[in-house]
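Tertiary structure, described
Residue strings, one per chain:
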Amino acid sequence: MDNSMVNIKKKIKELSNEVKRHNELYYTKGVPEISDAAYDSLIRELKGLEKEYPEYEFKDSPTQLVGAPIPDKFSKVEHTSPMLSLESVNDEDGAYRFDESCRKETGGPVDYICEMKLDGISIELVYENGRFLRGSTRGNGLVGEDVTLNLKTIKNIPERLKIKDPPGLIAVRGEIMMHLKDFNNLNKQQVKDGKDPFANPRNVVAGSMRQLDYRITAGRKLHVYCYRILTYSEEMPPTQKEALSLMEKMGFTVSPKATYCAGMEDAILYHHRLEEERDALDYEIDGVVIKANKLEVQKKLGMRTTNPKWAVAYKFKACKEVTRVEDIVVQVGRTGVLTPLAFLQSVDISGVTVSRATLHNMDQVKRLGIKIGDYVKVERAGDVIPYISEVLKGKRTGKEKSFKMPGECPSCGASVEKSDVFYRCPAGLTCPAQIKESITHYVSKDAVDIEGFSDKTVSQLFDNGLIKSAADIYCLKKGELLSLPGWKEKKTENLLKAIEESRTIALDRFIFALGIRNVGKHIAKVLAKKFGTLEKVASAKEEDFTEIDEIGPEIARGILAFFKEKHNMSVIHKLGENGVKITKLKKVPEGKLEGKKFVFTGSLIQVTRSEAERRVEEAGGMVSSGVGPSVDIVVAGEKAGSKLDEAKKHGIKIIDEESFIKMLKS
Ligand code: IVH
């Protein structure tokens, strides 16, 4: 390649990166840096060069997506093979009956692959000569809707297959999912924007696939997990196990935790183990799918009209129960927003007692039409806060009472103000509820992390006049605590010890702990990295903030307003006077843990789990709850459980606590 060619290749790469950066700013962060016209001109330049020099077009060029016209409806597409559904069973007997019929029809023992039954939206992805051609929803199983543009916004759908000699045709089936962390963040934003929260991640995914404007889908963080080869121009792999490996080799993210089971006993154990792990996962599953492993067996067993005879869905216990609303009370949040909260007759939902559910805002109360005394359906899943999905209006007796937002703050009596769908107490830090919430935030796990300092403790200490702000925490005396009901020697000592240990705080955590509006963990880290000291953050100007990629004018104004407030500055001074020391972000040699994903299993001896997780994040790494192909290192403590087996199966690097500590120090 001569010099001018090298330059053109470089130019295409640079332009492509620049467009991607602007996409991220526009779609994901909502803070565009350049005008639409300037953006269009970048795209035009890139497209022009790619057309002239097709040999240099990068696989993942943003021109693959950008500029595609927004359709006014989805076109229908026929699937390459029917997308079948599954018959389900609810108990061990059902699973054994399925096994029995498999063995009877094939005349021998049957081995299985067990996978999680992912609760998302099923899609087909078609690749021609290794290039992503088309993707569609399941529809009626034979014909679905072409949602290619929406699917192209999903990062883990490969644009090109990652193998040397791709097949002429391959179509795979997978499930589009939204992780619970992203779902909770999206809902927080919805509520902040005065919009209704989404009921569950599956609804968000379904809604995202139905978007005609793919730019909206691009702003949602979706993932696909593939679990079946539907059509293949080469010879089909002889087992489901090999089909999964092949898909993984091609660059698909396959259904995590798929496990080989020699017989139904093992498959049932897999089901029970998964049911226990379910709440720790970052996505929703509603059962396991048991599939005959051998293709030959699958063929022999054949299918019914819409279900294969070689697979079954073994469902988990329902996550939905009916209970009664005993009361609806108003909670005052850290920023004064009034939130209605339903107090429920306690109910066990798949092993967890639920007695409250947030109603988010008045719009939600109206949308559900909920009254005190109503019977309601309550759902919960993983990390998602329990929510009321339906009011059973047929069960009403006529004695139910409507709920109205109070005109005065239930905590301080100030007149409530209304803007959009929000009702807000304007009293700020003269309102006891808001002070308590801000102290609770200060001591919370992601902030200063004082173990044993629950919201109930904050309330008790505040109500008894022992603390008036976060700074007073550091002046608590043993005698004062012991004089309160429920405080014995051990509990008191533990809390004082935890407070003592929290006197030295990393700058990013301290910034987050202050509770500045719109400054979450991530922005706090960005501020700490950029400014280095709290004084510099406090004295910065609006433009010092907005010149940072992630910070828009709204966040900047929130920070400025916070440091302008005298009361806030006086709490910060008092914290300093009372011995709080702020440390800089710990710098670990560049690239050490940068971008590395960790999973912890078993108990650690030298550090607590949360301390270990914090150290990984401080060094640029990430922590995940489940073991999957994207995990780099599993740290196995004592009595490590099933995650260790998973890691071994996936060939993931496993280290012990000792090596982990060394890794942090090196
Ligand atoms: S296999 C013939 N595997 O469950 C094979 N399905 O009705 C049919 N699902 O609509 C599908 N996780 O969306 C299969 N690991 C998994 C799955 C899975 C979730 C969904 C799929 C389907 C529904 C069953």
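Residues numbered from 1 in each chain as written. Predicted model: local features only at pLDDT ≥ 70, side-chain atom pairs only at ≥ 80, totals over all residues. Heavy atoms only, no water.

**Description of the pattern of salt bridges**
Opposite charge on two side chains allows them to pair when their charged atoms are near. For the structure shown, the criterion picks out 30 salt bridges. One salt bridge connects arginine 273 with glutamate 277, and the closest N-O pair in it is separated by 3.8 Å. Of this pair, arginine 273 and glutamate 277 both sit in helix H9 (residues 264–277), 4 residues apart, roughly one helical turn. A relative accessible area of 15% means that glutamate 277 is categorised as buried. We note a salt bridge from arginine 503 to glutamate 500, for which the minimum N-O separation is 2.8 Å. The class of arginine 503 is buried, set by a relative accessible area of 17%. (Salt bridge = Lys/Arg side-chain N within 4 Å of Asp/Glu carboxyl O. Helix = DSSP H or I, 4+ residues; strand = E, 2+ residues; numbered from the N terminus. Buried < 20%, exposed > 50% of the residue type's maximum accessible area, 1.4 Å probe, protein only.)

**Things to note about the sheet that holds strand E21 (residues 597–601)**
The strand order across the open sheet built from 4 strands is E22-E21-E23-E24, with neighbouring strands paired in parallel fashion. Both outer strands of the open sheet, strand E22 (622–623) and strand E24 (653–656), are each paired with one neighbouring strand and no more. Sheet topology note: the E21/strand E23 (residues 633–636) ladder contains 4 bridges and is parallel. The partner of valine 599 across the bridge, within E23, is valine 634. Helix H22 (residues 609–618) contacts E21 and E22 of the sheet and is inclined by roughly 170 degrees relative to E21. (Pairing = 2+ DSSP bridges. Contact = heavy atoms within 4.5 Å. Axes fitted to C-alpha atoms, helices over the stretch in contact; angles between N-to-C directions.)

**Topic: the environment of threonine 608**
As for its position among the elements, threonine 608 is in the loop between E21 and H22. There is a polar contact of 3.1 Å between the side chain of threonine 608 and the backbone nitrogen of glutamate 611. (Polar contact = N/O pair within 3.5 Å; in protein donor to acceptor, adjacent residues only side chain to side chain.)

**Section: helix H8 (residues 240–250)**
Along an α-helix, residues three or four apart share an orientation, since each turn contains 3.6 residues. Buried residues of H8: Gln240, Ala243, Leu244, Leu246, Met247 and Met250, and no others. Buried residues of H8, seen end-on, are gathered within an arc of 160 degrees and therefore sit on one face of the element. Buried residues along H8 sit in contact with strand E3 (112–118), strand E7 (169–178), strand E8 (222–232), strand E10 (285–292) and helix H10 (295–301). The positive-phi residue at the C-terminal boundary of H8 is glycine 251, with phi of around 110 degrees. (Arc of directions from axis to C-beta.)

**Description of the site of the ligand**
As a matter of local geometry, the ligand sits amid 15 residues, with Leu86, Glu115, Leu118, Glu175 and Lys291 nearest to it. Between a nitrogen atom of the ligand and a main-chain N or O atom of leucine 118, the distance comes to 3.0 Å. The contact in question runs from an oxygen atom of the ligand to an N or O atom on the side chain of tyrosine 227, over 3.4 Å. Here the ligand loses 92% of its free accessible area of 520 Å² to cover by the protein chains. Put simply, the ligand lies in the second largest pocket. If you list the elements that add at least two residues to the shell around the ligand, you get E3, E7 and E10. Tallying contributions element by element places E3 first for the shell around the ligand, with 4 residues. (Near = heavy atom within 4 Å. Areas by Shrake-Rupley, 256 points an atom, 1.4 Å probe, with all protein chains shown as cover. 1 Å grid on protein atoms, 1.4 Å probe; cavity = no way out; pocket = protein on both sides within 12 Å on 5 of 7 lines; lining within 4 Å. Sits in = over half its atoms within 2 Å of the grid points.)

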